[in-house]
Amino acid sequence: MTEPLLVVEDLHVDYPVKGWRRKPFKALNGVSLDILPGECVGLVGESGSGKTTLGRAVLGLAPVTGGSIRFKGAEIGTLSRRERRRLSEEIQVVFQDPYSSLNPSLTIEQSLTEPLRVKKVSAADASRRVRTLLDQVGLPSNAAGRLPREFSGGQRQRIAIARALALSPQLIVCDEPVSALDLSTQARVLDLFKDIQEATGVAYLFVSHDLAVVRHLSHRVAVMYHGEIVEYGPGDKVTSDPEHPYTQRLLLAAPVPDPALQEQRRADRRRLLDAQNEMALQSGAL
Amino acid sequence: MTESITNVMPDTATEERAARSHLARRLLRNGAALFAFIVLGLIVLAAILAPLLTPQDPNFANIQSLLSAPSAEHPLGTDGAGRDVLARLLYGTRYSLAAALLGTAIAAILGVVGGLIAGYYGRWFASVSSWVISLIMALPGIVVLLAARAVLGPSLWMAMAVFGVLLAPAFFRLVYTAVVNVRGELFVDAARVSGVGDFSIIGRHILSVVRAPIIIQFAFVMGIAIAIQAGLDFLGLGDTSVPTWGNMLNDAFARMYKNPVLLVWPSVAIALTSVALALFANALRDELERSGRVRVRRRRVRGTAPAPAVVLPADVVVHPETTADSREKLLVVDSLVVGYDQPDGSLKQVVNGVSLTVRQGEVHGLIGESGSGKTQTAWSILRLLPEGGRIVGGSVVFGGTDLASLSDTEMRKVRGRRISYIPQEPMSNLDPSFTIGSQLVEPMRIALGISSADAKKRALELLARVGIPNPERTYAAYPHEVSGGMAQRVLIAGAVSCEPDLVIADEPTTALDVTVQAEILDLLRGLQKELGVSILIVTHNFGVVADLCDRVSVMRDGLIVETGPVRAIFADPQHPYTKSLFDAILEDGAARGHLEHAADRHAPAGGAAS
């Protein structure tokens, strides 16, 4: 059995709330998760569930207040900014919003070479690497000299993926990378994620609110609710036959693109909600 | 398709250079900026070339010729101490400019560095520096300068250094606000994850954003510094041994009745410099702001505009009705063309000839990807197109009247009363400064002509009907006190409050969580059955269409490519574009399955290295 690449254990993240002696907001409340090399772990949940915070904590962008994050056995949850920078070769990110994740005044080449320049890669090598990367994400090499505003949302997301790949990392945190994209663009970008994973063996922590997207790409799926992981298991199982009541509700809430099946699902959802309400009433009465 | 790139794009490096030189050229073309450049240039030249322009020593007092008239030796005469006025004016320019520059530079360095650090790192440094800045701003400047003079003696440079500290808040606040805004941008986070050091991030990503405002502020503050410096010297608080404009004023003031002309020269110099600096700053700001906005040439010529190009798609697929629909046609849109006026006077068409019919009591879905024109179509039915947009062709016949030809006043009577609207972003469509109740009651009082008490009773009933658990509390609440899902329920209550015939819902569930979306869809379905209202729902989600709609129209590039009963289209899509959309749906796809093989195939690549 392979050693996990990333192990998150009993992670707590609190955000201070403005105001004197207010209780901090518990964004993550004891979250545990592991990712194997080359694996895609989907992290699904609704707004405010803490899924984005978990991604940001792994990236060192959220304040860890308790628990541990270990990457290849070494603790990375509480590194200083300086120590954290050394991890850039190993952990990278693709953000949700393709419009604000690229500096509008830098050319694509300048954005893509930024991580390389930090690692003291020569200008010629960096330039060559940019061509390879653009080719890898399906963009023409003459895209390098242009500014982000000349590209569509899907193309910008490809550029953001290229930037994440620049240092050949072992883990990429993908924070809702396709939710701002159109249906057909979304499918193509997801296929790109899959192809890149199969070609390079990079692992993904894939954050999304869309169960169908997560199911398409993830080997394992974790479901978050109110700052906790309520269900974690094989992607197929969690996204088609979930055990936790919340995951069941989540699954049946998403409308199926088929009028007959959706009518069926609507009835199933109604039955499930009634049954869960009944249970809640009974447990409340006890 | 959308992902293809045309190869005719201009080279970006030259484009960027062009943009920059464009700004310089625009500044030179701006009359005020040109005047400011020339004046400032002359003043700086005079300061630098002072020894060449006059052989006189500005401090040499010739008691033989006090207040002498202009002569070949003294072109502007001499002052009350017999010193050459021209020499004092020219050398005064040197000292006045240098002193103002010193004060402004100190203010800028303190303010910009402090603002960058406080804005970027935040935490205790931000709190402490904000306190200090507030304290400095609360101090009366002149009193501090007087105190500084008492302690440090009458030194020009010391006074300006103190003054620089006093002006630092002007820069600090500007930079701090700008940096706090940029720091939240994702590209800054991405740079951090890329291992870029904090100093590089500040220099590369943050300073570039705040550069222009700093330059503008610098010019303004320098103008103030010149005026204050002159004021101090004029009051006799400065160092009288240094020739400055303020000292000249002081001296001339004392001799105002003997030789009033002496007052003119320093006053003109101070005024010209301050005005030129202010003009330069204003012009630069105007040009920077203008570059972000499109200047629409006002040319409202509806009659003479070229006839709109109605593209009649030969390949629009119309599915036959499964059963003969005898319901009355409520809305008939015919060959609708919508365009936006462009800065160069041309028209950009976003809807190219859309025809669709909504029958009484029908739920019609309008589906398409971004840029397909679905929302533009919905807005033009409501006649709520944003600035610059207008219906340029076709008709929107609603209940027998062509909405496209109604006046704004007549349209206002239709909107809200007979056609209502449910927006995509519930929160931004409620006014934060009024209670939810008042926003529900007002339209009902106007549209239905009922009393406040009746309207309130009805509003409470509606809130209960849309599934709000505690109607009284929500009625009295402000929009920020309810969740997004509740806000959307409130807007739905508002949309049906005036018993409309047609509800236009623009992506009503897109901004909501999926469990909330399911509840809102249930609510819409229930209300539609209950009230028999027609709904035109704009969406990009096939699940929503399958859940709610009777009929659906698929849009692309401002055209409808396929239309018909929902079940027919889902069972058998005909148009290649519709088929491609169905192929892109993930819902029914297989799950990815287990990792095992992949992990074996790729033994940890970096494992050997570490």
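Residues numbered from 1 in each chain as written. Chains lettered and ligands numbered in written order. Predicted model: local features only at pLDDT ≥ 70, side-chain atom pairs only at ≥ 80, totals over all residues. Heavy atoms only, no water.

If you check an unreviewed UniProt entry, chain B appears there as ABC-type dipeptide/oligopeptide/nickel transport system, ATPase component from Herbiconiux ginsengi.

In the annotation of an unreviewed UniProt entry, chain A is listed under the name Peptide/nickel transport system ATP-binding protein and assigned to Herbiconiux ginsengi. The heading Sequence similarities (unreviewed entry) in the UniProt record of chain A holds the text "Belongs to the ABC transporter superfamily." (UniProt positions renumbered as here; feature names shortened; annotations may be inferred.)

Draft legend 1. Inspection of the overall build of chain A at higher detail. Each helix and strand in chain A was counted, giving ten helices and ten strands. Relative to a compact globule of 286 residues, whose C-alpha radius of gyration would be 19 Å, chain A shows 21 Å and is just as compact. Seen along its three principal axes, the alpha-carbon backbone of chain A occupies a region of about 70 × 50 × 45 Å. Residues classed as buried in chain A amount to 56% of the 286 residues present. (Helix = DSSP H or I, 4+ residues; strand = E, 2+ residues; numbered from the N terminus. Rg over C-alpha atoms; globule rule 2.2 N^0.38 Å. Buried < 20%, exposed > 50% of the residue type's maximum accessible area, 1.4 Å probe, protein only.)

Draft legend 2. Spatial organisation of the environment of Ala-584 of chain B. Mapped onto the fold, Ala-584 of chain B is located in helix α21 (residues 576-584). Judged by relative accessible area, which is 7%, Ala-584 of chain B ranks as buried. Dropping the residues within four chain positions of it, Ala-584 of chain B is found in contact with Leu-183, Ser-184 and Ala-187 of chain A. (Contact = heavy atoms within 4.5 Å.)

Draft legend 3. Spatial organisation of the UniProt feature "domain: ABC transporter" (unreviewed entry) in chain B. UniProt tags residues 331-582 of chain B as "domain: ABC transporter" (unreviewed entry). For residues 331-582 of chain B, the end-to-end C-alpha separation is 28 Å, with 40% helix and 27% strand making up the annotated structure.

Draft legend 4. Molecular detail of the sheet that holds strand β2 (residues 25-35) of chain A. All names here are of chain A. Reading across the sheet, the four strands line up as β2-β1-β4-β5 and stay open at both edges, with antiparallel pairing between neighbours. Two strands in the sheet have a free side with no partner beyond their single neighbour: β2 and β5 (74-75). Across the face of the sheet, helix α1 (residues 51-58) comes into contact with β1 (6-15), β2 and β4 (66-71) while running at roughly 115° to β1. (Pairing = 2+ DSSP bridges. Axes fitted to C-alpha atoms, helices over the stretch in contact; angles between N-to-C directions.)

Draft legend 5. Quick peek at the UniProt feature "domain: ABC transmembrane type-1" (unreviewed entry) in chain B. Within this structure's numbering, the places UniProt gives as "domain: ABC transmembrane type-1" (unreviewed entry) are residues 93-281 of chain B. Measuring from the first to the last C-alpha atom of residues 93-281 of chain B gives 21 Å, for a span that is 85% helix and 0% strand.

Draft legend 6. Structural detail: the packing of helix α5 (residues 153-165) of chain A against helix α6 (residues 183-200) of chain A. Residue and element names in this part refer to chain A. It is the contact of α5 with α6, at a shortest axis distance of 10 Å, that shows an interaxial angle of 15°. In terms of orientation, α5 and α6 fall into the roughly parallel class. Crossing of α5 over α6 shows right-handed handedness. When α5 is examined against α6, the residues Gly-154, Arg-158, Ile-161 and Leu-165 are found in contact with a partner set consisting of Thr-185, Arg-188, Val-189, Leu-192, Phe-193 and Ile-196. Residues that form the contact of α5 with α6 fall into these classes: six nonpolar, two polar and two charged. (Parallel < 35°, antiparallel > 145°, perpendicular 65-115°, else oblique. Left-handed = near helix turned anticlockwise from the far one by under 90°. Nonpolar A, V, L, I, M, F, W, Y, C, P; charged D, E, K, R; others polar.)

Draft legend 7. Highlighting the pattern of salt bridges. Tallied over the entire structure, the rule returns 36 salt bridges over all chains. A salt bridge links Asp-241 of chain A to Lys-237 of chain A, with the nearest nitrogen and oxygen atoms 3.9 Å apart. The partly exposed category is assigned to Asp-241 of chain A, whose relative accessible area is 47%. Here Asp-547 of chain B makes a salt bridge to Arg-525 of chain B, at a shortest N to O gap of 2.4 Å. Taken together, the positions of Asp-547 of chain B in helix α19 (residues 542-548) and Arg-525 of chain B in helix α18 (residues 514-531) put the pair 22 residues apart, joining distant regions of the chain. Each member of the pair, Asp-547 of chain B together with Arg-525 of chain B, is buried. (Salt bridge = Lys/Arg side-chain N within 4 Å of Asp/Glu carboxyl O.)

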